[in-house]
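Fold and contact review
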Amino acid sequence: MWKVQSSKEPIRLFKSDFLEFFSHIHPAIVLIIWIPGVLWFVVYGLMNRPDGVYLLYFPACMIVGLILWSLTEYGVHRFVFHFKPRNKWQERISFLFHGVHHAQPMAKSRLVMPPAVSIPLALLFYYFYANVIEMIFGRPHWVYPLFAGFLIGYILYDMSHYAIHHFDLKSNYFKMLRKNHMRHHWKTPDKRFGVTNIFWDIVFGTWVKED
């Protein structure tokens, strides 16, 4: 298990200054990169929709994309970020991906995903959904609103995660999320994998009401 470190100086991950620079990110970068991405998918999708097709599919696909993101958020956190290393190389990868956050949960520059990771992952997810939608449904125009919704979910996740760690959140919902996430850090790192919601934790039995 990753041990929490008391040092306020961010843990150095790489000997190379170049690589180390890209391991830190301001949360505003997420908005700068991905909000234009959402707008592109929305505008391009609207401009290239088939003639005679009702626009109802557009918000419906965006909602499906949001739901798919919420499941992805849970699955990646549980099975990728918290996979159990079997050797030193896997331990290193695990620490780079997520262990450093558990070791220094309040480090501001390591609370959102660096573009060097998020952009390739976004491309993989886009081509996956594009191929699945084309093969199963034969509706390639669905992928644009769906992926716009998926990216909106990702933005909400990254911004919520940062806010949970550093903002004094007033709404009862965000207070619940903060309590749940902090218990993930300090009490049950093998439970409570949802950040923006607890729905999938309840579905898959990884939510703990009280402990």
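For the structure itself, look to the data block above.
Residues numbered from 1 in each chain as written. Predicted model: local features only at pLDDT ≥ 70, side-chain atom pairs only at ≥ 80, totals over all residues. Heavy atoms only, no water.

Topic: the packing of helix α6 (residues 143–166) against helix α7 (residues 172–186)
- Closest axis-to-axis distance for the α6/α7 pair is 10 Å, and the angle between their directions is 80°. Classified by the angle between their axes, α6 and α7 sit roughly perpendicular to one another. Between α6 and α7, the contacting residues are Ser160, His161, Ile164 and His165 on the first element and Phe174, Leu177, Arg178, His181, Met182 and His185 on the second.
- Across the contact of α6 with α7, the residue classes break down as 4 nonpolar, 5 polar and 1 charged. (Axes fitted to C-alpha atoms, helices over the stretch in contact; angles between N-to-C directions. Helix = DSSP H or I, 4+ residues; strand = E, 2+ residues; numbered from the N terminus. Parallel < 35°, antiparallel > 145°, perpendicular 65-115°, else oblique. Contact = heavy atoms within 4.5 Å. Nonpolar A, V, L, I, M, F, W, Y, C, P; charged D, E, K, R; others polar.)

Remarks on the nonpolar core
- Counting residues in each nonpolar core, the largest one holds 34 residues, and the members touching the most others are Trp34, Phe41, Phe147 and Tyr154.
- When contributions to this core are tallied by element, the ones reaching two or more residues are α2 (27–47), α3 (57–81), α5 (115–136), α6 and α7.
- Per element, the largest residue contribution to this core is 13 residues, and it comes from α6.
- Counting residues in hydrophobic clusters, the runner-up holds 5 residues, among them Ile11, Leu13, Phe95 and Val100. (Core = buried A, V, L, I, M, F, W, Y, C linked by side-chain atoms within 4.5 Å. Buried < 20%, exposed > 50% of the residue type's maximum accessible area, 1.4 Å probe, protein only.)

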